[in-house]
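What the coordinates show
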Amino acid sequence: MREYLTLAEIDQAAQAVRNRIDFQPRVGLVLGSGLGGLAEKISNAVAVPYESIPYWPQSTVPGHVGRLVAGSLFGVPVLVQQGRAHFYEGYSMAEVTLPVRVMKRLGIDILILTNAAGAIHPAFEPGDVMLITDHISLVGMTGFNPLRGPNLDELGPRFPDMSQVYDRALAELARRGAAEEHIVLREGVYCGLSGPSFETPADLRFLRTIGADAVGMSTVPEAIVARHANMRVLGLSGISNKANLDGNTLTTHEEVLAAGKVIVPKLERIIERVLRGL
Ligand code: HPA
């Protein structure tokens, strides 16, 4: 494991991707658990296996395909990360967020992050899509901020502002797109935890008290690194399960993947509207 990666190493990874594609991607898209199917809509797709990119973290989780797909999505040149690596797999924060930095070095300034999340807001149901309006970086607050370590000044400042992580204009495009598609779009605060264990009922009551609407094990480190480098971020959570505040039901990875099947077509239509609206 590498605790930190230098700009030269990030650029080495970026060069490996650049060597495989012959166009300039504009938007980066990260597909979360059970959501990889979105990549099937890409035309003129070129797949770059993660093994062929130096320092790139391999995803070890079922439901994560593990490749980068470049091509055109609804007319926009995109680079799609089909399956991500997580902190709980044992990767460092620098490794988990390397793909975002590679995207930045490839000239990408718009990042769409998707994930599967558990609902904490009592009105949210499995199958819902939630627009992330803000996040709680519990893992970062407790010491594992992805920007810990030598600052890469070429990418961004030592103390970056996080007052508006999720871009308002992109959020508005998502709202309008969902409305046009007659899809109910929930909105709320995503809380990022380390995992891999799901939350206890007491954990969940705590998360609800501190203002979280959904909870998951990704996205926050990537969003922080993206904002450090001044990328515009759109975050969409697919609600895969209800948080188990009373302790009477189980949460399983299988239910997370199953909900993805309902969520993918909705996300696809929202993201199509966003991309066409850029
Ligand atoms: N908790 C944490 N992460 C998750 C959940 C959950 O309930 N569902 C999907 N990812």
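Rules used throughout
Residues numbered from 1 in each chain as written. Predicted model: local features only at pLDDT ≥ 70, side-chain atom pairs only at ≥ 80, totals over all residues. Heavy atoms only, no water. UniProt positions renumbered as here; feature names shortened; annotations may be inferred. Contact = heavy atoms within 4.5 Å. Buried < 20%, exposed > 50% of the residue type's maximum accessible area, 1.4 Å probe, protein only. Helix = DSSP H or I, 4+ residues; strand = E, 2+ residues; numbered from the N terminus. Near = heavy atom within 4 Å. Polar contact = N/O pair within 3.5 Å; in protein donor to acceptor, adjacent residues only side chain to side chain. Areas by Shrake-Rupley, 256 points an atom, 1.4 Å probe, with all protein chains shown as cover. Nonpolar A, V, L, I, M, F, W, Y, C, P; charged D, E, K, R; others polar. Phe/Tyr/Trp six-rings, centres within 6.5 Å; stacked < 30°, edge-to-face > 60°.

1. Topic: the UniProt feature "binding site: a purine D-ribonucleoside" (unreviewed entry) in the chain
With numbering matched to this structure, UniProt assigns "binding site: a purine D-ribonucleoside" (unreviewed entry) to Glu199 and Asn241. Taking the farthest pair of C-alpha atoms as the criterion, the annotated set spanning 43 residues converges on one region, since that pair is 12.1 Å apart. With residues near it in sequence (within four places) discarded, Glu199 still touches Leu193, Leu204, Leu207 and Val215. With relative accessibility at 6%, the residue Asn241 sits in the buried group.

2. Regarding helix 3 (residues 98–105)
Of all eight residues in helix 3, six are buried, a share of seventy percent or more. Along helix 3, the residues classified as buried are Leu98, Pro99, Val100, Arg101, Val102 and Met103. Elements in contact with the buried residues of helix 3: helix 1 (7–18), strand 1 (27–31), strand 4 (76–82), helix 2 (93–96), strand 5 (110–119) and helix 7 (220–228). Among the residues trailing helix 3, Gly107 stands out with phi positive, at a value near 100°.

3. Examining the site of the ligand
Around the ligand, the neighbouring residues are Ala116, Ala117, Gly118, Phe198, Glu199, Val215, Gly216, Met217, Ser240, Asn241 and Val256. Between the ligand and the protein, one listed contact pairs a nitrogen atom with a side-chain N or O atom of Glu199 at 2.8 Å. Between the ligand and Ser240, the relevant distance is 3.4 Å, taken from a nitrogen atom to a side-chain nitrogen or oxygen of the residue. In isolation the ligand has 260 Å² of accessible area, and contact with the protein removes 94% of it. In terms of residue count, strand 5 provides more of the shell around the ligand than any other element does, three residues in total. Grouping the constituent residues of the shell around the ligand by class yields six nonpolar, four polar and one charged.

4. Concerning unusual backbone geometry
Most peptide bonds are trans, and most residues other than glycine sit at a negative phi. The amide bond that connects Gly195 to the next residue, Pro196, takes the cis arrangement and shows omega of 5°. Tracing the chain through its elements places Pro196 in the loop between strand 7 (185–192) and helix 6 (201–209). Despite not being glycine, Tyr55 shows a phi value in the positive range, around 70°. Note that Tyr55 resides in the loop between strand 2 (43–49) and strand 3 (67–73).

5. Examining the environment of Arg84
Its place among the elements puts Arg84 in the loop between strand 4 and helix 2. Residue classification places Arg84 among the buried positions, given a relative accessible area of 2%. Distance from Arg84 to Pro265, taken between C-alpha atoms, is 20 Å for residues 181 residues apart in sequence. Among the polar contacts made by the side chain of Arg84, one reaches the side chain of Ser218 at a distance of 3.3 Å. Separated by 3.0 Å, the side chains of Arg84 and Glu222 make a polar contact.

6. Let's talk about the packing of aromatic side chains
Taken as a whole and assessed by the stated rule, the structure comprises two aromatic pairs. An angle of 35° between the planes, with centres 5.4 Å apart, marks the rings of Tyr50 and Trp56 as tilted. The exposure class assigned to Tyr50 is buried, which follows from its relative accessible area of 1%. Trp56 sits in the buried class, given a relative accessible area of 5%.

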